[in-house]
Amino acid sequence: MGRAAPLCAIAAANAARAEQQQRRPPPALLVLFSLGLLLHTGDCQLQTPCRIQKCTTDFVALTSHLNSALDGFDLEFCKALRAYSACTYRNSKVCRGNLVYHSAVLGISDLMSQRNCSKDGPTSSTNPEITHDPCNYSGRQGAGELRGGGEQTPPTYFFCGLFGDPHLRTFKDHFQTCKVEGAWPLIDNNYLSVQVTNVPVVPRSSATATNKITIIFKSYQDCTDQKVYQAVTDDLPAAFVDGTTSGGDGDTKSLHIVERVSGKYVEMHARYIGTTVFVRQLGRYLTLAIRMPEELAMAYEESQDLQLCVNGCPSSERIDDSGHLPLPVMGQLLPPGASSQTRSVYTLESATAKCHEKMLLKDIYFYSCVFDLLTTGDANFTAAAHSALQDVEALHPRKERWHIFPDNGAAGQGQQLLCLSLGLVCLMLVVFL
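Okay, so let's go over this structure. None of the values given here were measured: they were computed from a predicted structure.

1. Some points on helix α9 (residues 348–358)
Okay, step 1: For α9, the full list of buried residues reads Leu-348, Ala-351 and Cys-355. Mapping the buried residues of α9 onto a view down its axis gives an arc of 70°, with all of them on the same face. Those residues of α9 that are exposed and aimed more than 90 degrees away from the buried face are Glu-349 and Glu-357.
Okay, step 2: Buried residues belonging to α9 abut α10 (364–376) and α11 (380–395).

2. Looking at the side chain of Asp-363
Okay, step 1: Relative to the elements of secondary structure, Asp-363 occurs in the loop between α9 and α10.
Okay, step 2: Buried Asp-363, no salt bridge; nearest opposite-charge side chain is Arg-169, N-O distance 7.0 Å.
Okay, step 3: Side chain to side chain, Asp-363 and His-403 meet in a polar contact 2.7 Å long.
Okay, step 4: Setting aside residues up to four positions removed in sequence, Asp-363 forms contacts with Leu-389, His-403, Ile-404, Phe-405 and Pro-406.

3. Considering the sheet that holds strand β8 (residues 246–247)
Okay, step 1: The sheet built from eight strands is open, its strands ordered β3-β2-β1-β12-β11-β10-β9-β8 with antiparallel pairing. Each edge of the open sheet carries a strand with a single partner, namely β3 (175–177) and β8.
Okay, step 2: Direction of pairing for strand β2 (residues 167–169) relative to β3: antiparallel, over a ladder of three bridges. For Leu-168, the partnering residue across the bridge sits in β3 and is Gln-176.
Okay, step 3: α11 rests against β1 (157–163), β2, β11 (275–282) and β12 (285–293) of the sheet, and its axis sits at about 165° to β11.

4. Things to note about the pattern of salt bridges
Okay, step 1: Tallied over the entire structure, the rule returns 12 salt bridges.
Okay, step 2: The salt bridge partner of Arg-169 is Asp-173, with a shortest N-O separation of 3.0 Å.
Okay, step 3: Between Asp-188 and Lys-218 there is a salt bridge; the shortest N-O distance is 3.7 Å. You can see Asp-188 sitting in strand β4 (residues 182–188) and its partner Lys-218 sitting in the loop between β6 (208–217) and β7 (227–232), a full 30 residues away along the chain.
Okay, step 4: By relative accessible area, which is 21% here, Lys-218 ends up partly exposed.

5. Remarks on the pairing of β4
Okay, step 1: Bridge count for β4 against strand β5 (residues 192–200) is six bridges, and the pairing is antiparallel. Bridging from a neighbouring strand, Gly-182 pairs with Asn-198 of β5.
Okay, step 2: Hairpin connection from β4 to β5: three residues lie between these consecutive antiparallel strands.

6. Brief notes about the nonpolar core
Okay, step 1: Of all hydrophobic cores here, the largest spans 46 residues; its most connected members are Leu-186, Ile-215, Phe-217 and Val-279.
Okay, step 2: With near-sequence residues (within four places) excluded, Val-279 lies in contact with Ile-213, Ile-215, Ala-231, Leu-236, Lys-264, Tyr-265, Val-266, Met-268, Thr-287 and Leu-288.
Okay, step 3: Formed by 28 residues, the second largest nonpolar core is a distinct cluster that contains Ala-289, Ile-319, Tyr-346 and Leu-395.

7. A word on the state of the cysteines
Okay, step 1: By the definition in use, this model includes seven disulfides.
Okay, step 2: Disulfide pairing places Cys-78 opposite Cys-117 at an S-S distance of 1.9 Å. Handedness of the Cys-78-Cys-117 disulfide follows from its S-S torsion of about -75°: it is left-handed. With Cys-78 in helix α4 (residues 73–90) and Cys-117 in the loop between α5 (99–114) and α6 (137–142), this pair connects stretches of sequence that are 39 residues apart. With respect to class, Cys-78 is no different from Cys-117; both count as buried.
Okay, step 3: One disulfide in the model links Cys-160 with Cys-309; its S-S distance is 1.9 Å. Between Cys-160 and Cys-309, the S-S torsion sits near -80°, and that sign places the bridge as left-handed. You can see Cys-160 sitting in strand β1 and its partner Cys-309 sitting in helix α8 (residues 308–311), a full 149 residues away along the chain.
Okay, step 4: Judged by its relative accessible area of 0%, Cys-160 is buried.

Rules and cut-offs
Residues numbered from 1 in each chain as written. Predicted model: local features only at pLDDT ≥ 70, side-chain atom pairs only at ≥ 80, totals over all residues. Heavy atoms only, no water. Buried < 20%, exposed > 50% of the residue type's maximum accessible area, 1.4 Å probe, protein only. Helix = DSSP H or I, 4+ residues; strand = E, 2+ residues; numbered from the N terminus. Arc of directions from axis to C-beta. Contact = heavy atoms within 4.5 Å. Lys, Arg positive; Asp, Glu negative; His and termini not counted. Salt bridge = Lys/Arg side-chain N within 4 Å of Asp/Glu carboxyl O. Polar contact = N/O pair within 3.5 Å; in protein donor to acceptor, adjacent residues only side chain to side chain. Pairing = 2+ DSSP bridges. Axes fitted to C-alpha atoms, helices over the stretch in contact; angles between N-to-C directions. Core = buried A, V, L, I, M, F, W, Y, C linked by side-chain atoms within 4.5 Å. Disulfide = S-S within 2.5 Å.

Listed below in structure tokens is the structure:
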């Protein structure tokens, strides 16, 4: 204890004299005095308090803006963990009797194991606002670059997806089913262009699906030159058209491709514009999902207004009715414009059962699956709808909007039929009674 014991004794004596001089001190003072005794017993840490709370606050500040679904999360999270660990080590002597400190040390160890973080390596700065990476959209946001140095509120992100017949989910979470045969722009702004090509799925039917996707990452400052990615059925490359797998200089990887499943699933991560793109092949057709900051997604000229992700499909290309799919209420469905030669092998009952194997919730993705099975008879569309929902859960910024439930369209048609039947029964009872 050394000199700590005399200091504590002096502090206690002074406290006793203060209590004798004032018999009835204010309650708030007594509370503060009691807390002081509790905090400074033992080693009497009046001069060197435990600062574990500051360590924890810094860690939260370093990680609160990170998104586990985006590329680079593990790297930044491990850097923050090492900084957290270093902070606890610096406070190990003064905090050795603090339960919060010991809990933090154990928690850091567990998180490092879960994320495969090495104990040695770079650490995050405890003042992240002073770091500036021009090829990191999140870093530019923190520095206030895109907001004129003003408010530093977190950026708002948009999500857009296309799969199946095709079914489109716009940036505004509007869900549409469209024909859009041929080449159509999904996105066309100052930073990114995405074009899809749709072809008929079955003869003499309005149903189409995507067999080609072209993505252009436009050049941006010194972060990347223009990069073009193109996928077609049975050719889903893990590289850009020029043969490279990344953009930018050195190891910064401001833009790069990750192949998740060979020939079936790739991801593109563009750090410089905070954008992530998923492209998959399921059966003979392609799906796409994208997450992009709102301010960049809406940065386009008036001449670029034909963007399906922004404004949806033209009304003349719509198959659905205000988002509701024209599902049958009984028996087997012939899609509008189809002939007997394109009759699906599925009934409503069997299509529903097939889709229910993958999706338990009867949201719009479930009904899209049923619609596609009845229209095409191709079971791969079940996997496409399920993967599209998984992409939403990985990329959509708002969990409460992951699932879209029809109000009175596809899901309500069976109920409408039931109500009609009950109405007829009631009418007959009234007549005979």
